[in-house]
Amino acid sequence: MTTRKAIRGPTEDEVRRLLPACARGWENQEEEFEFWFAADEAGAATGAAKGWIEGKLPDGLKGTFLRNGPGVTEVYGTPLKHPIDGDGMVCALSFSNGGVHFRSRYVRSRSHEDEKRARRMLYPGQMGSRPPKGGGKPKKAWRDPSHTNVFYWGGKLLTCHEYALPHALHPGSLETVGRDDLNGTLDLRTLSAHFRYDPAQDLLAVVSFRPGVDAFKLAPQVRLLEYDRAWNLVRKTPISLPGLNYAHDFLMTPNYYILHMTPFVNVSADATRAILEGKSSPGESMRWHPSCPSKMVVVARGKGRGVQKEARVWQFETEPCHIYHFGTAFESEDGEKLSFNACCNPENFTMDWQYRVFLANTGDAPGVMHQYDIDLPGGTCKRTVVPGLAETSCEFPSVNPFRHCVKGGEPGAGSRLKATRDAPRFFYLMAGAEGVALPFSDVVKHDLHTNQNTRWHSNGVVGEPCFIPRLGEASAAYGAEDDGWLIVQVYVPFEHRTEYVILDAQCVEKGPVCRLKLAMHIPISFHGTFTHNVFTHPEPVVSKL
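From a predicted model like this one, the values you see are computed outputs, not experimental measurements. (Residues numbered from 1 in each chain as written. Predicted model: local features only at pLDDT ≥ 70, side-chain atom pairs only at ≥ 80, totals over all residues. Heavy atoms only, no water.)

### Focus: the pattern of salt bridges
Then, in step 1: Across all of its chains, the model carries 37 salt bridges by this definition.
Then, in step 2: The partner of Glu 175 in a salt bridge is Arg 105, and the shortest N-O contact between them spans 3.2 Å. One end of the pair, Glu 175, is in the loop between β10 (167-169) and β11 (176-179); the other, Arg 105, is in strand β7 (residues 99-106), and 70 residues separate them in sequence.
Then, in step 3: Look at Glu 175 and you get partly exposed, because its relative accessible area is 36%.
Then, in step 4: Note that Arg 117 and Asp 114 form a salt bridge whose closest N and O atoms lie 2.5 Å from each other. In this pair, Arg 117 and Asp 114 both sit in helix α3 (residues 110-118), three residues apart, roughly one turn of the helix.
Then, in step 5: Three or more residues joined by partner-sharing salt bridges are found here, namely Glu 54, Glu 495, Arg 497, Glu 499, Arg 515 and Lys 517. (Salt bridge = Lys/Arg side-chain N within 4 Å of Asp/Glu carboxyl O. Helix = DSSP H or I, 4+ residues; strand = E, 2+ residues; numbered from the N terminus. Buried < 20%, exposed > 50% of the residue type's maximum accessible area, 1.4 Å probe, protein only.)

Shown next as structure tokens:
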């Protein structure tokens, strides 16, 4: 499959001028910062602040925005092959009493600390980065960047990277406490980046996985785990399906989990041998393998506590694509039909760091939002492009985090589900300008009821839009779904600095209500979350390891 005709790749002029400037957003930021934003640029120029507020902070905005991503693309003089091999840097913006405090800290993982002491790269990366020759025997273990997401739940602030245990940080200082196995419940010793929240039961759901290895006759393993606010494991659903070797994200409805079995991860004996011999890496081998299945997997969620043994599983063959991220999910009142959406990367997608602008070959293989409709009794799965988004290259769809898990209705034209007022209606995208693959310069809000888009075009490269509900957790049951704000990290290419932009989620097209401008750049990051907590005093954090 070639690039969609509705979305063009970069022009020669963009490749020559714009994209190299955008690529600087990944450059190292070795400093860690802590300061209060000045009220204006003049105040920042005369004081210790490294940033200033432009515009007026929204009334009622209180809490902490947390962001995680790689802080380096070069380790002590050794360039990394891909940003995903870079060590995690967590940033926290705290909104309190009309002011904003900024703090950034690196995650002190074992690989980060070992290399800091040695002052050289020691650990190989899963995207193909390798230590320089002549510096001694490289470590056998992979780098542990712990950079993909950061979230707060039950007194713990956790950073995640899907092939390793999470790290617990001190919520106030962001200092690393240590690796955490969540009271011994992560038997696969991994935690993926994304979670879902069930407001009806007040439970946080996460996914942990371990790919199969055909050469060693190891079957793939997936764990779907639900925790209460004391980090008690309320429900555990283990599954093992041939071909289900990857689970970066998932969806949850009142009665089901939804995952994608990607055909872009190959665990054959030949693929494993190439990785073990250092000729390839998991990231370098991520491409479409026609012999591997592409399926939607639906798992019965179960009602009881404890381990849900032999959970019912449905598998539906679907068009080959790779899905990192899902958007919204809907379950019919009778529990027999599901409708959901996801950013689908096409058959020619790879993880090549094309133009050094985004994480993949997006210029040739842009991701596009698709809608899936599943009829469980009928055994059918239908995929269509989300109406109105065929010409929008995008990634990192986000939603109101307190509307993850509700019974749902009609997501747009062609859906077979009956609409209810509780059905999630909106998702938000990091997107290219309409019809343009790269760079991601826009924030797009999509209305699933009307299939209309509203769009804000930035002055740089946008990251994932994070939704902040004005009513906090009460937004699960009260108020409009889009009553709140979006906060977006924006890299300004030709000024080589970063700003955090706050948009009114109900009128994204009107542009920023406030900009938090930094005098320096913070490297382009991955995912972030918002908590209505403001951490001003030390809190007890316990790491088991």
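### Some remarks on the sheet that holds strand β8 (residues 149-153)
Then, in step 1: The four strands are arranged β8-β9-β10-β11 in an open sheet whose pairing can be described as antiparallel. At either end of the open sheet lies a strand with only one pairing partner, and these are β8 and β11. Between one strand axis and the next, the sheet turns through 25° on average, direction left out of account.
Then, in step 2: Note that β10 and β11 share three bridges and pair antiparallel. Bridging across to β11, Leu 169 finds its partner in Thr 176. (Pairing = 2+ DSSP bridges. Axes fitted to C-alpha atoms, helices over the stretch in contact; angles between N-to-C directions.)

### What about the sheet that holds strand β23 (residues 368-375)?
Then, in step 1: Read from one edge of the open sheet, four strands run β21-β22-β23-β24, paired in antiparallel fashion. Single-partner strands in this sheet number two, and they are β21 (322-331) and β24 (380-385). Neighbouring strand axes in the sheet, compared pairwise and without regard to direction, differ in orientation by 25° on average.
Then, in step 2: For strand β22 (residues 337-345) and β23, the ladder comprises eight bridges, and the chain directions are antiparallel. Within β23, the residue paired with Ser 339 across the bridge is Asp 373.

### What to know about the environment of Glu 31
Then, in step 1: Looking at the secondary structure, you find Glu 31 in the loop between α1 (12-23) and β1 (34-36).
Then, in step 2: A sequence separation of 457 residues divides Glu 31 from Val 488, and the C-alpha atoms of the two residues are 22 Å apart.
Then, in step 3: The residues contacting Glu 31, other than those within four sequence positions of it, are Met 89 and Ser 104. (Contact = heavy atoms within 4.5 Å.)

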